[in-house]
Amino acid sequence: MRSSGATSVADDPSVVFVENFIKQKGNILYSTTEEEIRMQLERILDKYPNSRVSCSSDALTLYFNSLGVDKIQFYSSVPDCEIGIIPCESIIANNASVLISSGQGDLIFPKVLVLFAFTSQAVNSWRDAVARLKNQYMDKLPDRIIELNARNPKFESVYLLLTED
């Protein structure tokens, strides 16, 4: 018998998301510290030496640069870069997908995609993700809202850099 207010690990949407993402053969890299974030990101970038890397968020680009990852720049079009980093709005547990939007910055989709998310962004369903967007953007949703999963054939590789917060 569970006490009121107790949540089991099986009920935690971030845990359910990770389990489902792995079942879809997703490339997930988990971190708990800034040093681990840097190491995980460099591990991805090292697989693609001499590739141009773009991040859709200026704030996230500055953050990664502050961690010592200086390969990240801004390119305004896909032909100009091979790796794109996009911050997630939500990670959706029930179908192991991620929600991204133009509210985070320019969305460009090169052949390799790195999605950056926090465990606190985990929600159970699409409905919960949209409600979270409405709350974040004060009912003025971004122009582009996209749901992606690990098996998207449009990309050579999709990585999820998931960070505990």
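Residues numbered from 1 in each chain as written. Predicted model: local features only at pLDDT ≥ 70, side-chain atom pairs only at ≥ 80, totals over all residues. Heavy atoms only, no water.

Participant: Would you mind going over unusual backbone geometry in detail, with residue names and values included?
Facilitator: Both trends apply: most residues other than glycine have a negative phi, and most peptide bonds are in trans. Of note in the backbone geometry, Lys25 takes a positive phi value of approximately 65° without being a glycine. Examined against the element boundaries, Lys25 turns out to sit in the loop between α1 (13–23) and β1 (27–31). Residue Ala96 is not a glycine yet carries a positive backbone phi of 55°. Relative to the helices and strands, Ala96 resides in the loop between β5 (90–92) and β6 (97–101). (Helix = DSSP H or I, 4+ residues; strand = E, 2+ residues; numbered from the N terminus.)

Participant: Give me the nonpolar core: which residues, what numbers.
Facilitator: Here is a general trend for soluble globular proteins: nonpolar side chains tend to be buried in one another's company. Ranked by size, the top nonpolar core spans 22 residues in total, and within it Ile100, Phe109, Leu115, Leu148 and Leu160 carry the most contacts. Breaking this core down by element, the ones donating at least two residues are α1, β6, β7 (112–118), β9 (145–149) and β10 (157–163). When sequence neighbours within four positions are dropped, the list of residues in contact with Ile100 reads Ile86, Pro87, Cys88, Glu89, Leu107, Phe109, Leu115, Arg144, Ile145, Ile146 and Leu148. Leu29, Ile44, Phe64 and Ile83 belong to the second largest nonpolar core, which has 20 residues in total. (Core = buried A, V, L, I, M, F, W, Y, C linked by side-chain atoms within 4.5 Å. Buried < 20%, exposed > 50% of the residue type's maximum accessible area, 1.4 Å probe, protein only. Contact = heavy atoms within 4.5 Å.)

Participant: Please give an account of the environment of Arg144 that cites residues and values.
Facilitator: By secondary structure assignment, the location of Arg144 is in the loop between α4 (126–136) and β9. For the pair Arg144 and Ser51, spaced 93 residues apart in sequence, the C-alpha to C-alpha distance is 26 Å. In this structure, Arg144 is in contact with Ile100, Ser101, Ser102, Leu107 and Phe109, ignoring residues within four places of it in sequence.

Participant: Help me get a handle on the environment of Ile22, residues and values and all.
Facilitator: When you line up the elements, Ile22 lands in helix α1. The exposure class of Ile22 is partly exposed, given its relative accessible area of 48%. Between the alpha carbons of Ile22 and Ala150 there is a distance of 8.9 Å; along the sequence they are 128 residues apart.

Participant: Go over the pattern of salt bridges with me, naming the residues and quoting the values.
Facilitator: Tallying each qualifying case throughout the model produces 4 salt bridges. Where Glu35 meets Arg38, a salt bridge forms, and the shortest distance between an N and an O atom there is 2.2 Å. A residue pair is termed a helical-turn pair when its members lie 3 or 4 positions apart in one helix, as Glu35 and Arg38 do in helix α2 (residues 34–46) at 3 residues. For Arg38, a relative accessible area of 19% gives the class buried. (Salt bridge = Lys/Arg side-chain N within 4 Å of Asp/Glu carboxyl O.)

Participant: With reference to specific residues and values, describe the pairing of strand β4 (residues 83–87).
Facilitator: Burial within β4 is extensive, with 5 of its 5 residues counted as buried. The side-chain alternation of β4 yields two buried faces, one formed by Ile83, Ile85 and Pro87 and the other by Gly84 and Ile86. Bridge count between strand β2 (residues 53–55) and β4: 3 bridges; the pairing is parallel. Bridge assignment links Cys55 to a residue of β4, and that residue is Ile85. Relative to β7, β4 is paired through 5 bridges, and the arrangement is parallel. Across the sheet, the residue bridging to Ile85 is Val114, located in β7. (Pairing = 2+ DSSP bridges.)

The quantities given are spatial measurements derived from coordinates; they are silent on function.
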